[in-house]
Amino acid sequence: MNMAKKFFIETFGCQMNELDSEKIAGSLRHGGMEPTREPAGADVIILNTCSVREKAVQKAYARLGEIKHHKKQRDEVVVGVVGCMAQLEGEKILARAPFVSVLAGPQKSHAIPGLVAEATATRRAAIDLRMDEDPEPLETSHVLRENPWRAGITISEGCNRKCSFCVVPFTRGKERNRESANILREVHALVDQGYVEVVLLGQTVNSYRDPFRREITFARLLEQLAKIDGLRRIRFTSPHPNDFSDELVEVIDACPTVCNHVHMPVQSGSTRVLRAMRRGYSRRKYLDTVNRIKAARRPIAISADIIVGFPGEEEEDFQDTISLIDEVQYDSVFSFKYSPRPSTPALRLPGEVPDEEKGRRLSFLQERQKLIQYNINASYMGRVEEILVDERARARFSLCGRTSNNKIVNFDGPESLLGRFAMVEITGFSANSLKGRLKG
Ligand code: SAM
């Protein structure tokens, strides 16, 4: 019997990386291989990596150290490092881990089967780290999705912004937008397969414009997607505050299919630091955007990314960030210590903040934010919320799902509810989640 070869993919980083892994898995399966959940026994092991912070790179190297023994046990195993860290580190990876035989950047998901075949045939490293000079079409024929009811959809790739801390433009290249007709076709097909939620993905997702029909902005695209029968929820990540038009707020307001949650990275509450970060907005301008969103007729939850300890950030700047979170009352915040990244302009900035101080600021901010979330979540007590039931819960409650505004709700219920909508009465809360009781 001819047993199909097996591949194992491990993903680091963002939702975009998760979708890239699903695309890689789809193209490998199309080539006749089968996925496996364990690296042991896999013929192909792929790490799809992140490089946004140094820690992510260290994590991938540490994992490579663990993967090495699979290669030692079976020399024919192909080990690949793909994605942002591969793009950034390039052949340095081969110097540190000579057993790696496939290297490819995030623009090359579709090329992985060919690179695996090449590495297998030649027993030498197959490398494709080219960027931009041959922009690949953003259409993907094969995606092996992990979740049967929620699907990530690429609407744009790359980033034209030049935030001084960020490595993404160097790893994912310039912004390229997909044709809206193709996005609509893909979402229609997903709904036909039973998907109820889509997550539109792009580095600055709301700067989207159809490459040929320029009148189709992100807001118009959302509006068209919201009309698809059977599609219950649309999410998107991450928008840039400067591209958050009034038109976009109006569409969110008018289309309940568009979830009432906006994740809008702010990075800092200090205009001085925002200028050094080259974010293109001031604290005032960001707050104006938040206020326009909050003025929508239906309440919209807001979350953000924040970096502490950016070069030159003084205590006063940090306190501006604290007063910003107090003012906005974010539903959640992802906060990070600034991590110097290769090639980025921030590397040359004076005023490095010692790691210990970054740690202090991070803990302070996280404690403050926890209190804000605790108070927001307390206000849900007794409310009845519609949940898309997502997964088996980790703790005592058997199921877990999300509200439209992205609150995690744990509750007891039958597994048959997975992938379905349920009404749940909120009976308890913590800073990070709600608990509830199934209604009816
Ligand atoms: N494109 C989005 C934006 O900037 O609006 C998000 C991109 S990034 C993958 C996700 C988050 O990582 C950023 O919003 C930022 O808070 C954080 N980040 C990016 N570069 C960083 C760095 N050098 N050090 C620490 N955090 C960083």
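Refer to the preceding data block for the structure.
S.K.: I would appreciate a short explanation of the state of the cysteines in the present structure.
M.R.: This structure, assessed with the given rule, holds zero disulfides. The structure places no disulfide on C84, whose sulfur is separated from the nearest cysteine sulfur, that of C50, by 6.5 Å. C166 provides the cysteine sulfur closest to C163, a residue in no disulfide bond, and the two sulfurs are 6.0 Å apart.

S.K.: Just to check I follow, could you spell out the layout of surface pockets for this structure?
M.R.: Where empty space is left can be seen by rolling a probe of water-molecule size over the atoms. In this structure, the second largest pocket spans a volume of roughly 460 Å³. R53, E54, K55, A56 and S339 are the residues nearest the centre of the second largest pocket, which is lined by 17 residues in total. Mapped by element, the contributors of at least two residues to the lining of the second largest pocket are α2 (54-73), β14 (332-337) and α13 (355-378). If one sorts the elements of the lining of the second largest pocket by residue count, α2 sits on top with five residues.

S.K.: I'm lost on the sheet that holds strand β7 (residues 150-154) in this one. Help?
M.R.: Each strand in a sheet pairs with its neighbour through backbone hydrogen bonds, running either in the same direction (parallel) or in the opposite one (antiparallel). Taken together, the three strands give an open sheet; going across it, the order is β7-β10-β11, and neighbouring strands pair in parallel fashion. If you trace the sheet from one side to the other, it starts and ends with β7 and β11 (233-237), each paired once. Pairs of neighbouring strands in the sheet enclose a mean axial angle of 25 degrees, with direction left out of account. Examined bridge by bridge, β7 and strand β10 (residues 197-201) share five bridges and lie parallel to one another. Bridge pairing links T154 to L201 in β10. Taken strand by strand, helix α8 (residues 218-226) contacts β10 and β11, and its axis lies near 155 degrees from that of β11.

S.K.: I would appreciate a short explanation of helix α7 (residues 180-192) in the present structure.
M.R.: Each α-helix winds once per 3.6 residues, and so residues spaced three or four apart point in a common direction. Taking 1.5 Å per residue as the helical rise, α7 with its 13 residues ought to reach 18 Å, and the 18 Å between its terminal C-alpha atoms agrees with that figure. Those residues of α7 not exposed but buried are S180, N182, I183, L184, V187, L190 and V191. Looking at the packing, one finds that the buried side of α7 touches β7, β10 and α8.

S.K.: What is the right way to read the sheet that holds strand β17 (residues 408-411) from this model?
M.R.: One closed barrel accounts for five strands, arranged β15-β16-β17-β19-β18; its pairing is mixed. Across the sheet, the mean angle from the axis of one strand to that of its neighbour is 55 degrees, orientation sign disregarded. Bridge count for β17 against strand β19 (residues 434-438) is three bridges, and the pairing is parallel. Opposite V409, over in β19, you have L434 as the bridge partner.

Cut-off values and rules
- Note that residues are indexed from 1 along each chain, following the sequence as it is written.
- The predicted nature of this model means local features are confined to residues of pLDDT at least 70 and side-chain atom pairs, given and counted, to a pLDDT of 80 or more, with totals for whole chains, interfaces and linings taken over all residues.
- Water and hydrogen atoms were dropped before computing side-chain values, which therefore reflect all heavy atoms in the structure.
- When the sulfur atoms of two cysteines come within 2.5 Å, that pair is taken as a disulfide.
- A pocket, in this scheme, is an open set of points on a 1 Å grid over the protein atoms alone with protein on both sides within 12 Å along at least 5 of 7 lines, while a cavity is a set where a 1.4 Å probe fits but cannot get out; residues line either one if an atom lies within 4 Å of a point.
- Grid points are joined across faces, edges and corners, and a volume is the space filled by probe spheres set on the points.
- Numbering goes from the N terminus for both helices and strands, where a helix is a DSSP run of H or I of at least four residues and a strand is a run of E of at least two.
- Any two strands between which DSSP finds at least two bridges are classified as paired.
- To get an axis, fit a line to the C-alpha atoms, keeping to the stretch in contact for a helix; angles then go from 0 to 180 degrees between the N-to-C directions.
- Note on contacts: a residue pair is in contact if any heavy atoms of the two residues lie within 4.5 Å.
- By definition here, a helix of n residues has an expected span of 1.5 Å times n minus one.
- Working definition: with a 1.4 Å probe on protein chains only, accessible area under 20% of the residue-type maximum means buried, over 50% means exposed, and in between means partly exposed.

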